[in-house]
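Residues per chain, in single letters:
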Amino acid sequence: MHQLSARTVTTAKAGRHSDGGGLYLVVNPSGARRWAFITWRNRQPTEIGLGSVVQGVTLAIARARAEECRRLATSGKNVKDSPKSWQRVAGNVPTFGEIASDVISSLERGWRNEKHRKQWHSTIKAYCGSLKTKPASEITTEDVLKVLKPIWATKSETASRVRGRIEKILDAAKAKGLRDGENPARWRGHLDHLLPKRQKLQRGHHAALPWKELP
C-alpha cells in the first residue's frame, strides 16, 4: 500500500519518506526534493535517483519508475540502466545547483566552522551562475573552463577552491548515477593540460627599510 500523497510530497519535512516498495521521497534541509529507489542485495543498499520534484517528476511518475526498478531487480538485471535513460530522455536530471545544495547539506553536518558553509554557498553563487541551472549530466569541460578562466590568473586561490568544489559536486552526481565518464573539473591529467599552473605563494622577508626613514 502506498504511504505518500500528493500533498505530502510538497509539505514533508527534511528527511527520507517511504512510499513503500523501495520508493522514497528525499527532502534535504535546503528544501530540495528528489525521488530515490533503494534496493538491497547481499545486505548492501543501492540507491537509484529517479529525478527531482522541481524538474517535474510527480508522485505518479516516481511510482511508475519504481515499479520498473522492482521489475528489473526481480529479473536480475542492472537496476541502474533504466532510471538513467529515463532521466536523460525526459530531461529530469537534477541541475548542478540542486546537486550543489545536496552536497552542501550533506557536508555541513560535519563542519564545526560556520565559515565553511558560507564559503561554499558564496563561491557557488558568485562564480557558478552559468552552471546552476544546467543539468548535471550535460556539464562539459568547456563549461568548467568558462567559470575558471576569468579568475585563474587574478584570483588563483579562489579559482582553485572553485574548481575543487565543482569537482566534488560532479563526483556526487556521478555517484548518484546522474553522470557518466570523467569529471570535467578534474585537475590531474585533465585541466592541468588546459590551464597554466598556479604561481606558488612567494614567502620571505619584506624589503629592508632605509635607515633614514626610521622614526
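Caption draft 1: Representation of helix 2 (residues 59-74) in the model. Between its first and last C-alpha, helix 2 extends 22 Å over 16 residues, near the 22 Å set by a 1.5 Å rise per residue. Turning to helix 2, its buried residues are Leu59, Ala62, Arg65, Ala66, Cys69 and Leu72. Seen from one end, helix 2 has its buried residues packed into an arc of 140°, which puts them on one side. Exposed and oriented more than 90 degrees from the buried face of helix 2 are Ala60 and Thr74.

Caption draft 2: Examining a nonpolar patch on the surface more closely. There is a patch of nonpolar side chains on the surface, built from Leu209, Trp211 and Leu214 and spanning about 390 Å² of accessible area. Within the secondary structure layout, Leu214 lies in the segment after helix 8 (156-175).

Caption draft 3: Summary view of the packing of helix 4 (residues 96-107) against helix 8. Helix 8 packs onto helix 4 with a crossing angle of 95° between their chain directions and a minimal axis gap of 9 Å. Between helix 4 and helix 8, the interaxial angle falls into the category roughly perpendicular. In this structure, helix 4 uses Phe96, Ile99, Ala100, Val103 and Leu107 to contact helix 8, whose residues at the interface are Ile166, Lys168, Ile169, Leu170, Ala172 and Ala173. Partitioning the contact of helix 4 with helix 8 into residue classes produces 10 nonpolar, no polar and one charged.

Caption draft 4: A look at the pairing of strand 3 (residues 33-41). Of all the nine residues making up strand 3, seven are buried; the element is thus mostly covered by neighbouring parts of the structure. Two strands pair when backbone bridges link them, and strand 2 (residues 23-27) and strand 3 are joined in this way by five bridges, in the antiparallel orientation. Residue pairing in the sheet places Val27 in a bridge with Arg33 of strand 3. Linking strand 2 to strand 3, which pair antiparallel, is a turn of five residues; within it Gly31 sits at a positive phi near 100°. In terms of strand pairing, strand 3 meets strand 4 (residues 44-52) through eight bridges, oriented antiparallel. If you follow Trp40 over to strand 4, its bridge partner there is Pro45. In this antiparallel pair of consecutive strands, strand 3 and strand 4, the connection spans two residues, and Asn42 shows a positive phi of 55°.

Conventions we followed
- Residues numbered from 1 in each chain as written.
- Predicted model: local features only at pLDDT ≥ 70, side-chain atom pairs only at ≥ 80, totals over all residues.
- Heavy atoms only, no water.
- Helix = DSSP H or I, 4+ residues; strand = E, 2+ residues; numbered from the N terminus.
- Expected span 1.5 Å × (residues − 1).
- Buried < 20%, exposed > 50% of the residue type's maximum accessible area, 1.4 Å probe, protein only.
- Arc of directions from axis to C-beta.
- Patch = residues over 30% accessible without salt bridge, like charges linked within 9 Å, V, L, I, M, F, W, Y side chains within 5 Å.
- Areas by Shrake-Rupley, 256 points an atom, 1.4 Å probe, with all protein chains shown as cover.
- Salt bridge = Lys/Arg side-chain N within 4 Å of Asp/Glu carboxyl O.
- Axes fitted to C-alpha atoms, helices over the stretch in contact; angles between N-to-C directions.
- Parallel < 35°, antiparallel > 145°, perpendicular 65-115°, else oblique.
- Contact = heavy atoms within 4.5 Å.
- Nonpolar A, V, L, I, M, F, W, Y, C, P; charged D, E, K, R; others polar.
- Pairing = 2+ DSSP bridges.

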